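Listed below, chain by chain, are the residues.
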Protein chains: 2
Amino acid sequence: MPDLRDILRVRPDTRLAEIDPRGTPGLPGGKTVGKDPKRWSKTEVAAISQELAGYQERMFASAKEGATDKRVLLLLQAMDCGGKDGTVRNVTQGMSPAGMTAVSFGPPSEEERRHDFLWRVRRALPAPGYVGIFNRSQYEDVLIVRVHDLVGEDVWSQRYDAINEFEAEQAAGGLTMVKVMLHISKGEQKQRLLDRLDDPAKNWKYNPGDLTERARWDDYQQAYQDALTRCSTAAAPWHVVPADRKWYRNWAVATLLRETFADLDPRYPAPDFDVDAERAKLLAAG
Amino acid sequence: MPDLRDILRVRPDTRLAEIDPRGTPGLPGGKTVGKDPKRWSKTEVAAISQELAGYQERMFASAKEGATDKRVLLLLQAMDCGGKDGTVRNVTQGMSPAGMTAVSFGPPSEEERRHDFLWRVRRALPAPGYVGIFNRSQYEDVLIVRVHDLVGEDVWSQRYDAINEFEAEQAAGGLTMVKVMLHISKGEQKQRLLDRLDDPAKNWKYNPGDLTERARWDDYQQAYQDALTRCSTAAAPWHVVPADRKWYRNWAVATLLRETFADLDPRYPAPDFDVDAERAKLLAAG
């Protein structure tokens, strides 16, 4: 089976507008998935998540005593209702919270605004051995900031290069980024916003400001188009995951992580003590 | 069924030495558990964890816009091999990492040593709406520090009161602490240390220093005895969970959390916007 990372990777000629948010690229053949793709995905994602937990533990173990600087960051961007929270909950279900740091980036605080836009991002990066989760990221500074002219074009237009430089530097320092845009359609967003209004248990996720952002849909798509193609580098490629179908989205993101970890292939470290001597001491001491 | 918190709570006359680490206090009757308690526990803990995820989401939602200062902290202490990591992985399996902060306390850093022993603990507390996990805690400062005379008795003997004051202050500020000592036997620790030596995938968890600590077993039990009884307060009671049987341990800690959340009873907040007006705007805008 071809690598899903190759199938979903953003290339210079990728056009977001041409990617179908209801698509299921790279999905195994019908025989594997069967007649109930939701059920198949649930079982499959649970199984992949257990594999991810194994990788997570081996990476965590291998970073003990500073033996490696490897760490993995899942970075998620999406329009409102794109499914970032649900994706995280599904793909991390088997992982240990002790080896994970999850960060959501909202509007910058006063302190954060006093620094360069990458300052708060650097502070939130996972330590060696850890899996990091970014719910939104440095890309907000070329998305909402650009769409709403929060800084001038002379400022935001410089940020693509700044981000590429930053990510290359981090990659050289042991960070593997899995950058994913969850791509939903405008119609699907409408349906999900309606769900949030109709279901009292979901009201809290709704924000009247969501409609202001939705009105700028096309501007956002253009800002995403530029961010994706300008910042999909060899060191840190972007992937677009069609996300109208949640079951596909969960499977795809879990699979991207699995492929990434398989390449990293973290191993338990060799003991830095004499196992037999320790066993003898333990047995002798009672 | 009686509340498990009452059954496991540390009272002034609690004697750790009299609690059987292989016990299963408060376990439902044999008919419920059936002939395969491990299997029963796995299913039950997965189900409780889903309930906990619901509570977590409602508490997280209710803290939006600063509407509540409620947060919950699971604080775990145990002898080496007591099962802190495994417990966390099991009870949090359904929860969202986005609403959780897990912190492990190792030996204090140089910066931490320059401050009061509670300084690093304050910084690690969960924010309103969040579930926090402490793997070790402020209690290390009356356990390992006391056993190894890292400070004089004149210093550590003051810390029980300092901890009680600190915890009462936090409880008044909206923090609900679930303090759990995972209680294993010396024989079980030996078996688990042997496992860590015999299984190459577990070598990394072994530390030659573990034998030094094990040699001080009785001193640690005495230090635990004092910490448990002196710091089991109305604001923040201690619980001892017999932990030689992992399936009981997981069920008991999950149940303590469920009971705690049921009392807190977090609710989705009422919308602070006009739902019908928003729906009309959304439908009109297309």
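By convention here, each chain's residues receive numbers from 1 onward along its written sequence. Chains carry letters and ligands carry numbers; both start at the beginning, A for chains and 1 for ligands, and go up in the order they are written. Under the rules for a predicted model, residues below a pLDDT of 70 receive no local features and side-chain atom pairs below 80 are neither given nor counted, while totals for whole chains, interfaces and linings still include all residues. The basis for every side-chain value is the complete set of heavy atoms in the structure, and neither hydrogens nor water enter the calculation.

The name given to chain A in an unreviewed UniProt entry is Polyphosphate kinase-2-related domain-containing protein, and the organism recorded there is Paractinoplanes pyxinae.

Patch membership is restricted to residues that have no salt bridge and whose relative accessible area is over 30%. Joining uses 9 Å for like charges and 5 Å for the nonpolar side chains Val, Leu, Ile, Met, Phe, Trp and Tyr. Working definition of accessibility: Shrake-Rupley area with a 1.4 Å probe, residue cover restricted to the visible protein chains. We define a salt bridge as a side-chain nitrogen of Lys or Arg found within 4 Å of a carboxyl oxygen belonging to Asp or Glu. The charge count treats Lys and Arg as positive and Asp and Glu as negative. His and the chain ends do not count. Lysine's charge is taken at NZ, arginine's at CZ, aspartate's at CG and glutamate's at CD. On the surface, a cluster of positive charge is contributed by Lys-38, Arg-89, Lys-202, Lys-205 and Lys-246 of chain B. Numbering of helices and strands starts at the N terminus; helices are DSSP runs of H or I of at least 4 residues and strands are runs of E of at least 2. Following the sequence through the fold, Lys-38 of chain B ends up in helix α3 (residues 37-62).

Under the local residue numbering, the UniProt record ascribes the feature "domain: Polyphosphate kinase-2-related" (unreviewed entry) to residues 43-260 of chain A. This span, residues 43-260 of chain A, is 50% helix and 15% strand, and a straight line between its end C-alpha atoms measures 21 Å. UniProt positions are given in the numbering used here, feature names are shortened, and annotations may be inferred rather than shown by experiment.

The relative placement of two packed helices is expressed as an angle between their axes plus a distance between the axes. To get an axis, a line is fitted to the C-alpha atoms, and for a helix only the part in contact is used. The angle between two axes follows their N-to-C directions and goes from 0 to 180 degrees. Interhelical geometry of helix α10 (residues 186-198) of chain A versus helix α13 (residues 275-285) of chain B gives an angle of 165 degrees and a closest axis separation of 10 Å. In terms of their interaxial angle, α10 of chain A and α13 of chain B are classed as roughly antiparallel. Viewed along their axes, α10 of chain A and α13 of chain B form a crossing whose handedness is left-handed. Across from Lys-190, Leu-193, Leu-194, Leu-197 and Asp-198 of chain A in α10 of chain A, the residues of α13 of chain B making contact are Val-275, Glu-278, Arg-279, Leu-282 and Leu-283 of chain B. In the scheme used here, Gly and all other residues not listed as nonpolar or charged are polar, with Ala, Val, Leu, Ile, Met, Phe, Trp, Tyr, Cys and Pro taken as nonpolar and Asp, Glu, Lys and Arg as charged. Looking at side-chain class alone, the contact of α10 of chain A with α13 of chain B contains six nonpolar, no polar and four charged residues. The scheme is simple: roughly parallel for angles under 35 degrees, roughly antiparallel for over 145, roughly perpendicular for 65 to 115, oblique for anything else. For any helix crossing, the convention is left-handed if the near helix is rotated counterclockwise from the far helix by under a right angle, and right-handed if that rotation is clockwise. Contact definition: two residues touch when any of their heavy atoms are within 4.5 Å.

This part covers the sheet that holds strand β5 (residues 238-242) of chain A. Residue and element names in this part refer to chain A. Taken in spatial order, the five strands line up as β2-β3-β1-β4-β5 in an open sheet, and their pairing is parallel. Pairing within the sheet leaves two strands with one partner each, and these edge strands are β2 (100-104) and β5. For this sheet, the mean inter-axis angle between neighbouring strands, taken without regard to orientation, is 20 degrees. Across five bridges, the pairing between strand β4 (residues 175-183) and β5 is parallel. Across the sheet, the residue bridging to His-183 is Pro-242, located in β5. This element, helix α13 (residues 246-264), spans β1 (71-78), β3 (131-135), β4 and β5 of the sheet and lies at about 165 degrees to β4. Only strands joined by at least two bridges in the DSSP assignment are considered to pair.

The next thing to look at is the pattern of salt bridges. In this structure the tally under the stated criterion is 36 salt bridges over all chains. Among the salt bridges present, the one from Arg-279 of chain A reaches Asp-198 of chain B, with a minimum N-O distance of 2.7 Å. Of this pair, Arg-279 of chain A sits in helix α14 (residues 275-285) while Asp-198 of chain B sits in helix α9 (residues 186-198), on two different chains. Notably, a salt bridge pairs Glu-112 of chain B with Arg-120 of chain B, separated by 3.3 Å at the nearest N-O pair. Note on exposure labels: buried denotes an accessible area under 20% of the residue type's maximum, exposed denotes more than 50%, and partly exposed covers the range between, all computed with a 1.4 Å probe on protein chains only. Its relative accessible area of 10% is what places Arg-120 of chain B among the buried residues. By sharing partners, the salt bridges in this structure join Asp-3, Arg-5, Glu-259 and Asp-263 of chain A into a single network.

For the rest of this paragraph, the subject is the interface of chain B and chain A. Taken together, the contact pairs 41 residues of chain B with 41 residues of chain A. Accessible area that two parts lose when put together, evaluated with a 1.4 Å probe and summed over both, is termed the buried area. Summed over both sides, the interface of chain B with chain A buries roughly 3800 Å², with 67% coming from carbon and sulfur. For the chain B face of the interface with chain A, the top three residues by lost area are Pro-97, Trp-204 and Leu-282 of chain B, together amounting to 19%. The tally of links between chain B and chain A comes to two salt bridges. Two N or O atoms form a polar contact when they lie within 3.5 Å of each other; inside protein one atom must be a possible hydrogen donor and the other a possible acceptor, and for residues adjacent in sequence the pair counts only when both atoms belong to side chains. Viewed at the interface, chain A and chain B are joined by six residue pairs in polar contact (both at pLDDT 80 or more). Sorting the residues of the side of chain B that touches chain A by element identifies α3, α4 (84-91), β2 (100-104), α9, α10 (209-215) and α13 of chain B as the ones contributing at least two each. Looking at side-chain class alone, the side of chain B that touches chain A contains 24 nonpolar, six polar and 11 charged residues.

A helix is expected to span 1.5 Å multiplied by its residue count minus one. For helix α11 (residues 217-230) of chain B, built from 14 residues, the straight-helix expectation of 20 Å at 1.5 Å per residue is met to within 8% by its first-to-last C-alpha distance of 20 Å. All of the buried residues along α11 of chain B are Trp-217, Tyr-220, Gln-221, Ala-223, Tyr-224, Gln-225, Ala-227 and Leu-228 of chain B.

Let us now look at the packing of α3 of chain B against helix α12 (residues 246-264) of chain B. Residues and elements named next belong to chain B. With their axes 9 Å apart at the nearest point, α3 and α12 run at an angle of 25 degrees to one another. With respect to α12, the axis of α3 lies roughly parallel. When the axes of α3 and α12 are compared, the crossing they make is left-handed. Facing Pro-37, Lys-38, Trp-40, Ser-41, Glu-44, Val-45, Ile-48, Glu-51, Leu-52, Tyr-55 and Met-59 of α3, the residues of α12 in contact are Trp-247, Asn-250, Trp-251, Ala-254, Thr-255, Leu-257, Arg-258, Phe-261 and Ala-262.

Aromatic pairs are defined between Phe, Tyr and Trp rings, using the six-membered ring for Trp, whenever the two ring centres lie within 6.5 Å; interplanar angles under 30 degrees are classed as stacked, those over 60 as edge-to-face, and all others as tilted. Counting across every chain of the model gives 18 aromatic pairs over all chains. Where Phe-105 of chain B meets Phe-134 of chain B, the ring centres are 4.9 Å apart and the plane angle is 80 degrees; that geometry is what we call edge-to-face. Of this pair, Phe-105 of chain B sits in the loop between β2 and α5 (110-113) while Phe-134 of chain B sits in strand β3 (residues 131-135), and the two are 29 residues apart along the sequence. Take Phe-134 of chain B: its relative accessible area is 1%, and that puts it in the buried class. Put simply, the rings of Trp-40, Tyr-248 and Trp-251 of chain A touch in pairs and so form one group of aromatic residues. Remark: a charge is flagged as sitting over a ring if the NZ atom of Lys or the CZ atom of Arg is within 6 Å of the ring centre and within 35 degrees of the ring normal. The ring of Phe-117 of chain A carries Arg-159 of chain A above its face, with NZ or CZ at 4.6 Å from the centroid.

Only protein atoms enter the 1 Å grid used here, on which a cavity is any set of points holding a 1.4 Å probe that cannot leave and a pocket is any open set flanked by protein within 12 Å on both sides along at least five of seven lines; residues with an atom within 4 Å of a point are listed as lining. Grid points are joined across faces, edges and corners, and a volume is the space filled by probe spheres set on the points. Taken as a whole and judged by the stated rule, the model has one cavity of 30 Å³ or more. Approximately 70 Å³ is the volume attributed to the largest cavity. Thr-92, Gln-93, Met-95, Pro-97 and Met-100 of chain A together with Thr-92, Gln-93, Met-95, Pro-97 and Met-100 of chain B are the residues that line the largest cavity. The class makeup of the residues in the lining of the largest cavity is six nonpolar, four polar and no charged.

So, on to the relation of the copies chain B and chain A. To superpose the copies, least squares is applied to the C-alpha atoms of every residue with a pLDDT of at least 70 in both. You can overlay chain B on chain A at an RMSD of 0.0 Å; the transform is a turn of 180 degrees with a shift of 0.0 Å along its axis. Seen this way, the second copy is the image of the first under a two-fold rotation axis. Taking C-alpha positions as reference, the residue of chain B nearest the rotation axis is Gln-93 of chain B, located at 2.9 Å. The fraction of interface residues of chain B whose copies in chain A are also interface residues reaches 100%, indicating that both copies meet through the same surface.

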